[in-house]
Structure formats: C-alpha cells, structure tokens
Amino acid sequence: MSKGLRNDGLLNICFPSGVHIPIPSFNTIYPVQVYEYIEYSKDLSILNEVFSTCKNIVDAFISKIDTKTNLIKQFPAPYWNFYEWAYGSDNSDQINRTPDDFYPDKTDLLINLLFLYMLNNYRKLCDLKKVDFTFNEEKMRSSIINTFYNKEKRLFKADDTDKPFYTVLGNSL
C-alpha cells in the first residue's frame, strides 16, 4: 500500500487497483495499522519500509489545518470525504466531483478526531524509530469541543453546519 503514495502525501483508495480516489479518513488509519502490526507481530522491519509514508500522511494532514479554526476542513475534489456507510457520513455525492464543482466549506468532526487518533499512533512509531515529533494538539482539542459539542444533548455533532446530526462513530471517537 505504501507504494501508492500520491504527490499530495496521501494514499489512493486501493493500490494498485488503478482507482485514484483518495479518502482522507482511510489515510488516518494507515499509521495506526502500521503501529498495530508492529505491536502485535514484534516485526520492526516494516518500519524502515513504510515510515516515510506515515510521515508524509501526517504532514499532509498538518498542512490542511486551518490556522483560524485549528481544525481540518473537508478536503476538496478529487478527495472523497467518506467515513462510513451511515447517514451523513458517506458523502457519496463527492465520488465523481471535479475541482470545478461546488463543495461546501465545512468541517467534519470525524476527520479531526481521526487525525488525533492517528497522531497518537504516529508518536509511537516515532518513538520506535527514534525520531523527534512535536505537535501540540491542545488547540485542536479545544476547537473540537467549541465547534462540535452540544451541551444540552451532551453529544458531539457531526459537522459545523446549521443542521446538526449526530453519529455513533463521532461520539465513540
């Protein structure tokens, strides 16, 4: 899979299938999978082969953080902002869009939480590789709470639009 790294630092949906739709949320899981593989197999040899791919993915996400909100917005075309096959989380209307198509300027809870989850595992990879990595996620955590948390419902809404909906996945993360 690591050989499917794109110029933007992310992986395509499936490599080497020839399908070139990148799904940002799937990319956040790649460093998690690498760490879990090492954790359970005790095979560190994979780290030399795929660490640079993990770093590229992390760097690509860090570059997408909006400095005003400290959050990651939905990725524009050709990205598919898919999370799961559930109401409001599949974004299937984005599959065939082009860079010229309109897309809403919105921020999703899930991509920001998945980014933080990825960082936790990436830090462990950096420790194994003996590579320094610093990123202060406190601003992002605070922004997530301020943007998505509904105090009355005691739930996190799925996006920053005026028509909130809630997901089990988002609130689980």
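Our subject is the structure listed above.
Report on the accompanying structure. (Residues numbered from 1 in each chain as written. Predicted model: local features only at pLDDT ≥ 70, side-chain atom pairs only at ≥ 80, totals over all residues. Heavy atoms only, no water.)

The final tally for this structure, using the stated rule, is 12 aromatic pairs. On the numbers, 6.0 Å between centres and 65 degrees between planes, the contact of Trp 80 with Trp 85 is edge-to-face. Looking at Trp 80, the relative accessible area reads 7%, which means it is buried. Classification of Trp 85 as exposed rests on a relative accessible area of 63%. Here a set of aromatic residues connected by ring pairs shows up, and it is made of Phe 61, Phe 75, Tyr 79, Phe 115 and Phe 135. (Phe/Tyr/Trp six-rings, centres within 6.5 Å; stacked < 30°, edge-to-face > 60°. Buried < 20%, exposed > 50% of the residue type's maximum accessible area, 1.4 Å probe, protein only.)

The contact between helix 3 (residues 109–129) and helix 4 (residues 138–148) brings their axes to 11 Å, and the two run at 155 degrees. Classified by the angle their axes make, helix 3 and helix 4 are roughly antiparallel. Taken as a pair, helix 3 and helix 4 cross one another with a handedness that is left-handed. On helix 4, the residues touching Leu 109, Asn 112, Leu 113, Phe 115 and Leu 116 of helix 3 are Met 140, Arg 141, Ile 144 and Phe 148. Here the residues of the contact of helix 3 with helix 4 sort into 7 nonpolar, 1 polar and 1 charged. (Axes fitted to C-alpha atoms, helices over the stretch in contact; angles between N-to-C directions. Helix = DSSP H or I, 4+ residues; strand = E, 2+ residues; numbered from the N terminus. Parallel < 35°, antiparallel > 145°, perpendicular 65-115°, else oblique. Left-handed = near helix turned anticlockwise from the far one by under 90°. Contact = heavy atoms within 4.5 Å. Nonpolar A, V, L, I, M, F, W, Y, C, P; charged D, E, K, R; others polar.)

Read these as spatial facts, not as claims about activity.
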